[in-house]
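Now for the letters of each chain:
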Amino acid sequence: MLLPVCMSAILFSFNIGLSLFAIFVFINKFLVLAGNESNSYSNIFRGMKIFGGVQAFQMAVSLLRGKFVAMFLGPAGMGVSSLFASSASAIQQLASLGVPLATAREVALKYDEEKKSGHIAMVAAASRLATFITGALATLCCLAASRFLSLLTFGSDEQAFGFAILGAVVWLQMAGANEIALMQGMRELKRLGRSSVTGAAVGLCLAVPMYYLWGTASIVPAMLVMAAVMFVICRYNCGRALRLAGIQPGGNAKLGEIWNVSKSLLGFGVIITLAGTITQTCIYFTNVIIKSIGTIDELGYYSAAMSISNQCVTMIFTAMAMDYFPRLTACIGRRAEWLVTVRRQAELVALVAAPIAVSVVIAAPFVVDVLLTETFAPAISLLQWMAAGVFLRSLSYPLGYVILAKGNKMLYLCLEGILCNIVFVAATCGAYWLWGKDGLGIASIIIYGADMLVYYCINRFVYGFSYGTGCMRKLPVLCGFVTMSLISVFLIKGQAGIIVCWLVFAAVCAYSLWHLRKMLKMKIIK
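Rules of the game
Residues numbered from 1 in each chain as written. Predicted model: local features only at pLDDT ≥ 70, side-chain atom pairs only at ≥ 80, totals over all residues. Heavy atoms only, no water. Helix = DSSP H or I, 4+ residues; strand = E, 2+ residues; numbered from the N terminus. Buried < 20%, exposed > 50% of the residue type's maximum accessible area, 1.4 Å probe, protein only. Contact = heavy atoms within 4.5 Å. Areas by Shrake-Rupley, 256 points an atom, 1.4 Å probe, with all protein chains shown as cover. Salt bridge = Lys/Arg side-chain N within 4 Å of Asp/Glu carboxyl O. 1 Å grid on protein atoms, 1.4 Å probe; cavity = no way out; pocket = protein on both sides within 12 Å on 5 of 7 lines; lining within 4 Å. Points joined across faces, edges and corners; volume = space filled by probe spheres on them. Expected span 1.5 Å × (residues − 1). Polar contact = N/O pair within 3.5 Å; in protein donor to acceptor, adjacent residues only side chain to side chain. Phe/Tyr/Trp six-rings, centres within 6.5 Å; stacked < 30°, edge-to-face > 60°. Patch = residues over 30% accessible without salt bridge, like charges linked within 9 Å, V, L, I, M, F, W, Y side chains within 5 Å. Core = buried A, V, L, I, M, F, W, Y, C linked by side-chain atoms within 4.5 Å. Axes fitted to C-alpha atoms, helices over the stretch in contact; angles between N-to-C directions. Parallel < 35°, antiparallel > 145°, perpendicular 65-115°, else oblique. Left-handed = near helix turned anticlockwise from the far one by under 90°. Nonpolar A, V, L, I, M, F, W, Y, C, P; charged D, E, K, R; others polar.

## A look at the overall build of the protein chain
For step 1, the next point in the chain: Counting its regular elements, the protein chain contains 17 helices and zero strands.
For step 2, the next point in the chain: Looking at the protein chain residue by residue over its 526 residues, the buried ones come to 52%.
For step 3, the next point in the chain: A fraction of 81% describes how many contacts in the protein chain between residues 6 or more apart in sequence connect residues 24 or more apart.
For step 4, the next point in the chain: For the protein chain, the accessible surface area stands at approximately 23800 Å², while carbon and sulfur atoms represent 69% of it.

What follows is the structure in structure tokens.
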């Protein structure tokens, strides 16, 4: 009886994925045709919608995968799958040593000028060598420590074999991420998007029958299959992009020369990894402090609200990482050009993020009710404050990438790894001590407001950056809309509050759409 259910689920998965991909392609074609190719605003928005569509598709695939795991493996299988997935993510983040980001930066920096000189071929070979070495070390460490990792994670050695295989999963994930970084640096946006969508869809279709046939024992093998599929597809598309550009990875270079470039990539990537490790450590200790001062329930509300608020703008941040960073790096040596790039990116991101933030502030009760349960009602006010904070975070992101594009590793470590984390811990713990549960949400506004101020001052005095007239006119207005949404939900009660909420939402949407239409010069279909 389960076989028809399984086949129906697989067919349902395929149909949903195909429908989402068709919608993504339609939107992509429409916006490209409607926009002005020579307008850099259109180029920026094109990158945002491509990777926003890819991110939406991958989120849908992730939700479907979770549905199938729950259907065939039950709650226990869902728990085991979650633990293995989080373990693989943590090991990959640590073992990759930031090589993908360093690779994307190096390729984007010199792709247009030195494509034919052999340098890009050297970087491609060096990044693959570095990934091979770090991936092999991660695999060997997982194999040697499999029993320890099983005891640490599950409290027994029953999953030791799973952790032994998990090393190969991490290795393939790292190799796939490196191929994506190469395409990212070459600005092969559509090829990268197709790779991600195809890999996610094919991997899901292969994993579902494994869940049905082998149950919980198939969790890690299914992860291995999905990682292998993604790597093969990304390697094929990246190899094709390199060949079309006339680039042969490695060329006639000697192994010693390739290794020297690999060390350079690792040197840059280690700083990124160190900053990320410090951030995760600070988040961990902050959670411990919240639990010590308050209750485990309040920590749960905080974690749930943080997760939802981050998911609301994940597509914007993904687009900036995949498209904006390579574009910025490519022109970072030309001051006038990179200033325009950052200003226009900040302007466009603000116009997209503000309606999202206002809608989450207003619809927080509905969002919590749908995504969580009624027991999470205390998280509503947290989510409303955090949504406003995430809007400020979206304003600081374009400025943060300038330091990375400039290659100033120590400044990035001092800011992102040390100063911003000191602000995060101090603001979160201080606001919680002063205002209780709601203080955790208020802290997000303090944190991201301080981050934006710090990054602006650094970019202003170190690199000579300043916002253009367009940004200076729009940012105060958009901040005003977000502030009004908070006032309408916290200070204006009853029917009047509801009316004001809808008026603010309609106003921010109209304002953003009007300016987006003006900048992108899109045609309106009547």
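## Observations concerning the pattern of salt bridges
When the charged atoms of two side chains with opposite charge come close together, those side chains can pair.
For step 1, the next point in the chain: According to the stated counting rule, one finds eight salt bridges in the structure shown.
For step 2, the next point in the chain: Notably, a salt bridge pairs R105 with E106, separated by 4.0 Å at the nearest N-O pair. Judged on exposure class, the residue R105 and its partner E106 are both buried.
For step 3, the next point in the chain: Here R334 and E337 are joined by a salt bridge, their closest N and O atoms 2.6 Å apart.
For step 4, the next point in the chain: The class for E337 is partly exposed, based on a relative accessible area of 37%.

## Things to note about the environment of A136
For step 1, the next point in the chain: Along the chain, A136 falls in helix 4 (residues 119-144).
For step 2, the next point in the chain: In this structure the C-alpha to C-alpha distance between A136 and A95, which are 41 residues apart in sequence, comes to 9.7 Å.

## Some details on empty space enclosed by the protein
For step 1, the next point in the chain: This model, assessed by the stated rule, comprises four cavities of 30 Å³ or more.
For step 2, the next point in the chain: S309, C312, V313, A353, I356, A357, V360, A387, V390 and F391 are the residues that line the second largest cavity.
For step 3, the next point in the chain: Taken together, the elements giving at least two residues each to the lining of the second largest cavity come down to helix 10 (296-312), helix 12 (335-371) and helix 13 (379-406).
For step 4, the next point in the chain: The dominant element in the lining of the second largest cavity, judged by the number of residues it contributes, is helix 12, at four residues.

## What to know about helix 6 (residues 160-185)
For step 1, the next point in the chain: Between the first and last C-alpha of helix 6 there are 38 Å, a value that for 26 residues agrees with the 38 Å anticipated at 1.5 Å per step.
For step 2, the next point in the chain: Taking burial as the measure, the 26 residues of helix 6 include 20 buried ones, the bulk of the element.
For step 3, the next point in the chain: Positive phi appears at R187, one or two residues downstream of helix 6, with a value of about 60°.

## Here's the deal with the side chain of S127
For step 1, the next point in the chain: Tracing the sequence through the fold places S127 in helix 4.
For step 2, the next point in the chain: A polar contact is formed between the side chain of S127 and the backbone oxygen of A124, at a distance of 2.9 Å.
For step 3, the next point in the chain: Side chain to side chain, S127 and N178 meet in a polar contact 3.3 Å long.
For step 4, the next point in the chain: Setting aside its immediate chain neighbours within four residues, S127 contacts V99, T103, N178, L182 and L265.

## Let's talk about the environment of S381
For step 1, the next point in the chain: Tracing the sequence through the fold places S381 in helix 13.
For step 2, the next point in the chain: Each C-alpha atom, one on S381 and one on A305, is 8.9 Å from the other, the two residues being 76 residues apart in sequence.
For step 3, the next point in the chain: Beyond its immediate stretch of four places on either side in the chain, S381 contacts K437, D438 and F490.
For step 4, the next point in the chain: Here the side chain of S381 touches K437 through a polar contact of 3.1 Å, side chain to side chain.

## Notes on the side chain of H515
For step 1, the next point in the chain: As for its position among the elements, H515 is in helix 17 (residues 494-520).
For step 2, the next point in the chain: Residues in contact with H515, not counting those within four places in the same chain, are L351 and K474.

## What about the packing of aromatic side chains?
For step 1, the next point in the chain: Tallied over the full model, the rule gives 12 aromatic pairs.
For step 2, the next point in the chain: Here Y397 and Y401 contribute two aromatic rings whose centre-to-centre distance is 6.2 Å and whose plane-to-plane angle is 75°, an arrangement assigned as edge-to-face. One end of the pair is Y397 and the other is Y401, both in helix 13 and four residues apart, which spans about a single turn.
For step 3, the next point in the chain: An aromatic cluster is built from W338, Y456, F465 and Y467, whose rings are joined through pairwise contacts.

## Observations regarding a nonpolar patch on the surface
For step 1, the next point in the chain: Residues F132, I133, L137, L140, L143 and W259 make up a contiguous nonpolar surface patch of roughly 580 Å² in combined accessible area.
For step 2, the next point in the chain: Examining the composition of the nonpolar patch, we find that five residues originate from one element, helix 4, more than from any other.
For step 3, the next point in the chain: Within the secondary structure, L140 sits in helix 4.
For step 4, the next point in the chain: Given a relative accessible area of 53%, L140 falls into the exposed group.

## Thoughts on the nonpolar core
Across soluble globular proteins, you tend to see nonpolar side chains buried next to one another.
For step 1, the next point in the chain: Y302, L328, W338, V342, L383, F391 and L478 are the most contacted members of the largest nonpolar core, which totals 109 residues.
For step 2, the next point in the chain: Beyond its immediate sequence surroundings of up to four residues, V342 is in contact with Y324, L328, P398, L399, V402 and F465.
For step 3, the next point in the chain: Membership of the second largest hydrophobic core comes to 35 residues, among which are I91, A95, F163 and I165.

## Details of the packing of helix 7 (residues 189-214) against helix 8 (residues 219-244)
For step 1, the next point in the chain: Interhelical geometry of helix 7 versus helix 8 gives an angle of 155° and a closest axis separation of 8 Å. As judged from the angle between their axes, helix 7 and helix 8 are roughly antiparallel. Remark: the crossing between helix 7 and helix 8 carries right-handed chirality.
For step 2, the next point in the chain: Tallied by class, the residues present in the contact of helix 7 with helix 8 amount to 18 nonpolar, six polar and two charged.

## Structural notes on the packing of helix 12 against helix 13
For step 1, the next point in the chain: Interhelical geometry of helix 12 versus helix 13 gives an angle of 165° and a closest axis separation of 8 Å. Our classification of the angle between helix 12 and helix 13 gives roughly antiparallel. In this structure, the crossing between helix 12 and helix 13 has a hand that is right-handed.
For step 2, the next point in the chain: Grouping the constituent residues of the contact of helix 12 with helix 13 by class yields 23 nonpolar, three polar and one charged.

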